[in-house]
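Structure at a glance
Here are the chains, one letter per residue:
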Amino acid sequence: MNRNINIIVVEPSPLVSEGLAGILQKSEIQCQIAFKSSLEDIEQILAKKKYEIIIINPLLTFSNSKTFSGIITQFNLKSIGLIYAHFDPSHLQMFDATITVSDASSTIITTINKLLTELSQHGQNELKEALSKREIDVLKLLANGMSNKEIADKLYISTHTVITHRKNLSHKTGIKSVSGLTIYAVVQKLVSIETLSEL
Amino acid sequence: MYQTTNIYLTPDLKMSVVLLNNPYLLHLIEHFGINIPVYDKSVEVICQENNLSTALFLTFANLYNGVQYTPKTPLTYKDTQPIINYLKNNHKFYTEEIYPTILGTIKQMSDSNDHKEMALVPKFFVDYFSEVADHLNYENKVVFPYILDLYSRITNVANTRQQPEYSVKEYKEHHNDIEEKLNDFKSLLIKYLPYKEDRVLRRKLILSLFELEYDLNIHSQIEDLILIPLVAKMESHLHKSK
């Protein structure tokens, strides 16, 4: 997993939140961490940037657990309860995972990595399902042997945009070469084998 | 290609242990002209019998096992010829053995599967391999003769011909990436191409593509990590002695 992850830590104690940040920075997880001491205004922060994980002290969710779960769904976050007191286990069920202050660094990292794996699998499934209409247009023309420039002219878009579509196509299908994408297009019945300009 | 537990190979190991641990090394010894059976002889003894530098053998063999090995006695200019012999044999193996085998499997597979799109598959592989063959040809015709010429000028100082314009740096640039299409092919076979009665052939094909990929990967590591640095050293040696 090479992508950069954004994590938000909601925890009033600087000792705990900075200690956690230190553990994350020393690990192989590439992440940027934002800190908040309460849930106040958190939506504004989440709206500005895509966060993958929220690590939060359960105390902060007690009084407004509905708001909290609303936020989780709205921003598609994985949640981790950050625990250093005794809580009723039923309250902790709302989290995808928990870490406690007595956990070893490696346990904390493993927990986070597990969630990241779930996230990336979920994300991939979503992506694979649909090529956008524009990507399909590009793919069809590509399969018919057109260059990026020709496709750009035909679709009234810039070559730069064509390249972006091609990158997304390769990312979604797992196929990079034009000849590979051509076969893919035929298999998906986006172009018919008879119309291919050269065989 | 499946990987057995990697063992770090040393001169005193028995050659049989080395081969039983990673049978793919049978290709390696074959390209070096070493025959089986190897009895209970050590790597070092086998290399001596075949007039091959043990350091060179172990450097290659460890690459196959996923280890970058630094031999106690570094490779020398003298190793140039055996390295090139090895690579030439490796090329032959690709063009005369791997390519016809894979193409045969592909043709059988598309014959037994009448989905229209299967007709595109043989052409895809033929095109892919012609790119590979261009690269191999370029090495055989341009790069290897150039390197052997360098070597003979180093060993025979009296012969001071004009240094050719070519340099190994160009080779590195020309050393283009042919992995992409191979990956695409694997993805198409595993993810997308419609299935019909071709399970056995397709499985064979996929596994042989992985094997080819593994071998090509080692092949380019040998060139990038071993041959090119050695040649760069020869070039600067000649340059200084001018």
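Here the residue numbering is sequential within each chain, running from 1 through the sequence in written order. Key to labels: chains lettered from A, ligands numbered from 1, both in the order written. Residue-level local features of this predicted model are given only where pLDDT is at least 70; pairs of side-chain atoms are given and counted only at 80 or more, and the full residue set underlies all totals for whole chains, interfaces and linings.

**Let's talk about the overall build of chain B**
Here is the rule: Numbering of helices and strands starts at the N terminus; helices are DSSP runs of H or I of at least 4 residues and strands are runs of E of at least 2. A pair of residues counts as a contact when their C-beta atoms, built from backbone coordinates, are separated by no more than 7 Å.
Secondary structure summary: chain B contains nine helices and zero strands in total. Ordered by position from the N terminus, the helices and strands of chain B form the series α-α-α-α-α-α-α-α-α. Contacts in chain B between residues at least 24 apart in sequence constitute 72% of all its contacts with a sequence separation of at least 6.

**With respect to the overall build of chain A**
Just so we agree on the cut-off: Backbone-placed C-beta atoms define the burial measure: a residue is buried with 20 or more other C-beta atoms within 10 Å of its own, exposed with 12 or fewer, and partly exposed in between.
Along its length, chain A carries ten helices and five strands. Taking all 199 residues of chain A together, the buried fraction comes to 26%. In chain A, once contacts between residues fewer than 6 apart in sequence are set aside, the share between residues at least 24 apart is 65%.

**Re the interface of chain A and chain B**
For clarity, the threshold we go by: Gly counts as polar in this scheme, as do all residues outside two lists: the nonpolar Ala, Val, Leu, Ile, Met, Phe, Trp, Tyr, Cys and Pro, and the charged Asp, Glu, Lys and Arg.
Every contact between the two is made by eleven residues of chain A and, on the other side, 15 residues of chain B. Residue composition of the side of chain A that touches chain B, grouped by class: six nonpolar, four polar and one charged.

**Here's the deal with the confidence of the model for chain A**
Our working rule: pLDDT expresses how confident the predictor is about each individual residue, on a scale running from 0 to 100.
Across chain A, the average pLDDT comes to 85, with 92% of residues at or above 70. When mean pLDDT is compared element by element in chain A, helix α8 (residues 148–155) of chain A scores highest at 94, while helix α6 (residues 105–129) of chain A scores lowest at 74.

**Focus on the sheet that holds strand β1 (residues 5–10) of chain A**
Residue and element names in this part refer to chain A. Using the following cut-off: What makes two strands pair is DSSP finding at least two bridges between them. Simply put, an axis is a line fit to the C-alpha atoms, just over the touching stretch for a helix, and the angle between two N-to-C directions goes from 0 to 180 degrees.
Read across the sheet, five strands follow the order β2-β1-β3-β4-β5 without closing on themselves; strand pairing throughout is parallel. Each edge of the open sheet is held by one strand with a lone partner, namely β2 (31–36) and β5 (97–100). Strand after strand, the sheet turns through a mean of 20 degrees between neighbouring axes, direction not considered. Examined bridge by bridge, strand β3 (residues 53–56) and strand β4 (residues 78–83) share four bridges and lie parallel to one another.

**Re unusual backbone geometry**
The peptide bond linking I36 of chain B to P37 of chain B adopts the cis configuration, its omega dihedral lying at 0 degrees. Among the structural elements, P37 of chain B can be located in the loop between α2 (25–31) and α3 (43–49).

**Remarks on the environment of D111 of chain B**
Tracing the sequence through the fold places D111 of chain B in helix α5 (residues 80–111). For D111 of chain B, a count of 12 C-beta atoms within 10 Å gives the class exposed.

**Considerations on the nonpolar core**
Note the threshold: For our purposes the nonpolar core covers buried Ala, Val, Leu, Ile, Met, Phe, Trp, Tyr and Cys residues that link as a set through C-beta atoms within 7 Å.
With 28 residues, the main nonpolar core has V138, L139, L142, L181, Y184 and A185 of chain A together with L188 of chain B as its most contacted residues. Elements that contribute at least two residues to this core include exactly α7 (133–143), α9 (159–173) and α10 (178–187) of chain A together with α5, α6 (120–155), α8 (179–192) and α9 (199–241) of chain B. Leave out the neighbours within four places in its chain, and Y184 of chain A touches T173 and I175 of chain A together with L188 and Y192 of chain B. L58, F60, A61 and Y64 of chain B belong to the second-largest nonpolar core, a separate cluster that totals 25 residues.

**Points about the packing of α8 of chain B against α9 of chain B**
Residues and elements named next belong to chain B. Threshold: For classification purposes, angles smaller than 35 degrees are called roughly parallel, those larger than 145 roughly antiparallel, those between 65 and 115 roughly perpendicular, and all remaining angles oblique. The hand of a helix crossing depends on one turn: near helix anticlockwise from the far one by less than a right angle means left-handed, and clockwise means right-handed.
Running from N to C, α8 and α9 cross one another at 160 degrees; their axes reach a closest spacing of 10 Å. Between α8 and α9, the angle falls in the class roughly antiparallel. Here α8 and α9 pass one another in a crossing that is left-handed. Each of L182, F185, K186, L189 and I190 in α8 lies in contact with α9, whose residues at this interface are R202, L205, I206, L209 and E213. Residue composition of the contact of α8 with α9, by class: seven nonpolar, no polar and three charged.

**Notes on the packing of α10 of chain A against α8 of chain B**
Relative to each other, α10 of chain A and α8 of chain B sit at 15 degrees, their axes nearing to 9 Å. Of the possible angle classes, the one that applies to α10 of chain A and α8 of chain B is roughly parallel. Considering only the axes of α10 of chain A and α8 of chain B, their crossing is right-handed. Contacts from G180, I183, Y184 and V187 of chain A in α10 of chain A reach K181, D184, F185, L188 and Y192 of chain B in α8 of chain B. Split into classes, the residues belonging to the contact of α10 of chain A with α8 of chain B amount to six nonpolar, one polar and two charged.

**Here we look at the environment of Q68 of chain B**
Residue and element names in this part refer to chain B. Considering the arrangement of structural elements, one finds Q68 in the loop between α4 (54–64) and α5. Among the residues examined, Q68 registers 10 C-beta atoms within 10 Å and is labelled exposed. Each C-alpha atom of the pair Q68 and Y8 lies 9.5 Å from the other, and the pair is 60 residues apart in sequence. Leave out the neighbours within four places in its chain, and Q68 touches L63 and L225.

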